[in-house]
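One letter stands for each residue in the lines below.
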Amino acid sequence: MMKTQTNFSKSCCFIMLALYVLNGCKANVKQADTDTVKSGKTKQVKFLSKPLISSIYTADPSAHVFNGKIYIYPSHDINTGIPENDNGDHFAMRDYHILSMDSIGGKVTDHGVDFDIKDIPWAGRQLWAPDAAFKNGTYYLYFPVKDKKDVFRIGVATSANPAGPFKAEPAPIEGSFSIDPAVFTDTDGKTYMYFGGIWGGQLQRWVSGHYDANGSKTDLKQDNAPAISCKVALLTADMKHFDGKVKDVVIVDSVGKPLLTGDKNRRFFEGSWMHKYNGKYYFTYSTGDTHLLCYAIGDNPLGPFTYKGVIMKPVQGWTTHHSIVEIKGKWYIFYHDTELSGKTYLRNVKVVPLQHNIDGSIVEIDPFL
């Protein structure tokens, strides 16, 4: 009888321990499950690709080929303990790590901290998604950061090496505002910067031409009015200034009408990119709160661009931000999700092939298997 009671006690202890472990596991994946539900997927997911690096958290990858090597300029996500909100205060990045690899699928090198917010004389907080460019023997790093008045501006830093370190100019680019600079050099040698993002990116606070600190926290709040546009500016020969006025990047539907504010599955939110394919200009971007990557095609880099469709369905995690680059005759899309952490503000960068059809359309990608 005593032996039976002992075995029963051991069994009870084992069951209680198992339930404790199971509940602990559930707690650990709670955020991941939440992100997965937001992406419209089941809890058991298999990802199309694996993170390029797992030693740090990275996001918003801007990829380029310099000197035959692939360089990736991502945001560096950190856990600051700031509560999540729609303004993005929890994305409080402070520095950049530049990544490189010789080929897709090859070893990824983390070049360490190559640029830090403390080295930007005019910066306040939140060093968000960067981009890079090369011209006349110099590498340029473009970065958005809030100034000391908490207004996003875009700065530029230079280096003789694509992996840095980079030195910031003493002031932001005159006339710049908002976030997500994406720099494109056309075949004629002219270079353009596309930039802007609504909600936390503050673009909606510039609709009057001047910053309104008390402006909308989201968009125009007029669903039947044309949506707020991404911005584009020609860069000067020294790559450090805007050459002329900032213009709107107009996205239109199949009959030439601008997309409306309420068209949240198609209108621009943030994370723009430009690539050229068969003489056409592909403006790609994120719809933000509807979690899609979309594309529109135009006949020149200033647009207008006609909406064509989705290039990537929602990933795990709230944000979607990408870049598209041709490498050895093949096209790839770099993006991020939250596979490693399950937290919206601790992301990891990935890459998968991108395919253009014969008619110029892009094959839609599902980030899950």
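Residues numbered from 1 in each chain as written. Predicted model: local features only at pLDDT ≥ 70, side-chain atom pairs only at ≥ 80, totals over all residues. Heavy atoms only, no water.

(A) Expanded view of empty space enclosed by the protein. Going through the model one piece at a time under the given rule, you end up with one cavity of 30 Å³ or more. By volume, the largest cavity is sized at about 40 Å³. In terms of lining residues, the largest cavity is bounded by S62, A129, P130, D180, P181, A182, S272, W273, H321 and H322. (1 Å grid on protein atoms, 1.4 Å probe; cavity = no way out; pocket = protein on both sides within 12 Å on 5 of 7 lines; lining within 4 Å. Points joined across faces, edges and corners; volume = space filled by probe spheres on them.)

(B) Local environment of the side chain of S176. Its place among the elements puts S176 in the loop between β9 (167–168) and β10 (182–185). Since its relative accessible area comes to 0%, S176 is described here as buried. A polar contact of 2.7 Å, which involves the side chain of S176, links it to the backbone oxygen of I173. (Helix = DSSP H or I, 4+ residues; strand = E, 2+ residues; numbered from the N terminus. Buried < 20%, exposed > 50% of the residue type's maximum accessible area, 1.4 Å probe, protein only. Polar contact = N/O pair within 3.5 Å; in protein donor to acceptor, adjacent residues only side chain to side chain.)

(C) Structural context of the nonpolar core. Counting residues in each nonpolar core, the largest one holds 58 residues, and the members touching the most others are Y142, M193, Y194, F283 and I333. Among all residues touching Y194, those that are not within four sequence positions of it are D180, P181, A182, F184, C230, K231, V232, V249, S272, M274, F283 and P301. In this structure, F66, F115, Y139 and F143 belong to the second largest nonpolar core, which totals 20 residues. (Core = buried A, V, L, I, M, F, W, Y, C linked by side-chain atoms within 4.5 Å. Contact = heavy atoms within 4.5 Å.)

(D) The sheet that holds strand β11 (residues 191–195), seen in detail. Spatial strand order, β10-β11-β12-β13: four strands in an open sheet with antiparallel pairing. For this open sheet the edge positions go to β10 and β13 (247–249), each flanked by a neighbour on one side alone. Geometrically, the sheet is characterised by an average inter-axis angle of 30° between neighbouring strands, direction not taken into account. One ladder, built from four bridges, connects β10 with β11; its direction is antiparallel. Bridge pairing links V183 to M193 in β11. (Pairing = 2+ DSSP bridges. Axes fitted to C-alpha atoms, helices over the stretch in contact; angles between N-to-C directions.)

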